[in-house]
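# Fold and geometry: a report
Here is what each chain is made of, one letter per residue.
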Amino acid sequence: YSLEMSPETGAITQVSTVTGGKDPSFLAIDRENYTVYVVNEVADGFVRAYDLNPSTGDLTHLNTIRTGLADPCYCLVHPARDVLLVSHFEGAAISILPIDDQGRLDNPTCVVNHSGSSINPHRQQRAHPHSVVPGPDPQFVYVPDLGTAQAVIYSLPSGSDALDKVGCAEMAAGGRQRQLDVHATRACAYL
């Protein structure tokens with residue numbers, strides 16, 4: 001749905017609707033290039049790109065890419081690169097999809113599989129990466145994994161389309177972290 005808020009009354013009205021595919025679960029907005037990306041949390045994993053008209057709020061479908069990895073649940077446009085970072089909860093992986101000059105997505109150039117488990121027998125039998133967030137230095141990317149009770153740290157070197165694991169922060173055994181956010185001005189993150 002595209003919604004509009006009245007500056008006078010604060011009332012929100014629906015402006016338009018666009019098909020987001022089956023089980024759209026998360027979206028990322030590239031405000032600089034007026035593009036919206038939506039993940040479809042399904043077994044084959046799909047990501048859709050839409051052109052955003054800033055004047056009307058309308059969305060126009062650009063393309064759809066099948067990731068082949070189960071249940072993409074989070075996506076984010078990298079702040080310093082023309083790529084979309086995607087985490088796959090059931091697929092236990094992170095993928096990188098290139099973005100072309102028109103905002104269209106291309107097939108994943110990098111897929112990094114997560115493995116491991118933690119002590120909760122109902123939710124942590126295997127890896128479940130949830131979000132994927134660049135740090136203050138966008139060369140580093142942080143991925144909280146509910147299944148392993150870790151926040152995995154990757155490097156995305158300039159000029160490379162590959163994530164290299166550089167470490168991880170262990171959480172309390174049984175911890176079920178999903179989201180991480182980095183403070184805008186301080187050297188700290190919140191999980």
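Up top is the structure these notes are about.
Description of the structure in this document.

All right, on to the overall build of the protein then. For the protein, the helix and strand inventory stands at zero helices and 16 strands. Scaling as 2.2 N^0.38, a compact globule of 191 residues should have a C-alpha radius of gyration of about 16 Å, and the protein matches this with 17 Å. Here the C-alpha coordinates of the protein stretch approximately 50 × 40 × 40 Å along the principal axes. The proportion of buried residues among the 191 residues of the protein is 46%. Pairs at least 24 residues apart make up 40% of the contacts formed inside the protein by residues separated by at least 6 positions. Carbon and sulfur atoms form 49% of the exposed surface of the protein, whose accessible area is close to 10000 Å². Side-chain charges of the protein comprise 12 positive and 21 negative groups, with the mean position of each set lying 9 Å from the other.

Taken in spatial order, the four strands line up as 3-4-5-6 in an open sheet, and their pairing is antiparallel. Each edge of the sheet is formed by a strand with only one pairing partner; in this case those strands are strand 3 (24-30) and strand 6 (59-66). For this sheet the average axis-to-axis angle between neighbouring strands, irrespective of direction, equals 20 degrees. Here six bridges tie strand 4 (residues 35-40) to strand 5 (residues 46-52), and the two strands are oriented antiparallel to one another. Note that in strand 5 the partner of Val38 across the bridge is Arg48.

For the rest of this paragraph, the subject is the side chain of Thr67. Mapped onto the elements, Thr67 comes out in the loop between strand 6 and strand 7 (72-77). Owing to a relative accessible area of 11%, Thr67 belongs among the buried residues under this scheme. Within polar-contact distance, the side chain of Thr67 engages the backbone nitrogen of Leu69 at 3.2 Å. Once you skip the residues sitting within four places of it in the chain, Thr67 turns out to touch Asp44, Gly45, Phe46, Val47, His88, Leu97 and Pro108.

Across the sheet, four strands lie side by side as 7-8-9-10; this open sheet has antiparallel pairing. Each edge of the open sheet is held by one strand with a lone partner, namely strand 7 and strand 10 (110-113). The sheet shows a mean angle of 15 degrees between the axes of neighbouring strands, direction not considered. Pairing of strand 9 (residues 93-98) with strand 10, which is carried by four bridges, proceeds in the antiparallel orientation. The partner of Ala93 across the bridge, within strand 10, is Asn113.

Within the element layout of this structure, Tyr142 appears in strand 12 (residues 140-145). Residues Tyr142 and Ala93 lie 49 residues apart in sequence; the distance between their C-alpha atoms is 13 Å. Beyond its immediate chain neighbours, meaning those up to four positions away, Tyr142 contacts Ser131, Val132, Val133, Pro134, Gly135, Val152, Ile153 and Leu180.

Core analysis: the biggest nonpolar cluster contains 21 residues, and Leu85, Ile96, Val132, Val141, Tyr154 and Leu163 have the highest contact counts within it. Going through the elements one at a time, strand 7, strand 8 (83-88), strand 9, strand 10, strand 12 and strand 13 (150-155) are the ones with two or more residues in this core. Ranked by residues supplied to this core, first place goes to strand 7 with three residues. Other than its neighbours up to four places away in sequence, Leu85 contacts Tyr74, Cys75, Leu76, His78, Ser95, Ile96, Val132, Pro134 and Val141. Listed in part, the 14 residues of the second largest apolar core include Tyr37, Leu84, Ile99 and Leu105.

The phi torsion at Asp71 lies on the positive side, around 55 degrees, for a residue other than glycine. For Asp71, the position within the fold is in the loop between strand 6 and strand 7. The exposure class of Asp71 is buried, given its relative accessible area of 17%. Positive phi outside glycine occurs at Ala92, with the angle close to 50 degrees. Positionally, Ala92 belongs in the loop between strand 8 and strand 9.

Thresholds applied
- Counting restarts for each chain, with residues numbered from 1 along the sequence as it is written.
- Where local features are concerned, this predicted model is filtered to residues with pLDDT of at least 70; where side-chain atom pairs are given and counted, the filter is 80 or more; whole-chain, interface and lining totals use all residues.
- Side-chain measures here rest on the full set of heavy atoms in the structure, leaving out hydrogens and waters.
- A helix here means a DSSP run of H or I that spans at least four residues, while a strand means a run of E at least two residues long, and both kinds are numbered starting from the N terminus.
- Only the C-alpha atoms count toward the radius of gyration. The rule for a globule is 2.2 Å times the residue count to the power 0.38.
- Residue exposure (1.4 Å probe, protein chains only): buried if accessible area is under 20% of the type maximum, exposed if over 50%, otherwise partly exposed.
- Throughout, a residue-residue contact means that at least one pair of heavy atoms, one from each residue, lies within 4.5 Å.
- What sets the accessible areas is the Shrake-Rupley method with a 1.4 Å probe; for residues, cover comes only from the shown protein chains.
- In this tally, Lys and Arg are treated as positive and Asp and Glu as negative; His is ignored, and so are the chain termini.
- Think of each charge as sitting on NZ of Lys, CZ of Arg, CG of Asp or CD of Glu.
- Think of it this way: DSSP has to see at least two bridges between two strands before they count as a pair.
- Here an axis means a line fitted to C-alpha atoms, over the contact stretch when the element is a helix, while the angle between two N-to-C directions is reported on a 0 to 180 degree scale.
- Side-chain atoms alone can form a polar contact between residues adjacent in sequence; in general such a contact is a pair of N or O atoms within 3.5 Å, and within protein one must be able to donate a hydrogen while the other accepts it.
- Nonpolar cores were defined as sets of buried Ala, Val, Leu, Ile, Met, Phe, Trp, Tyr and Cys residues, with membership established by side-chain atoms within 4.5 Å.

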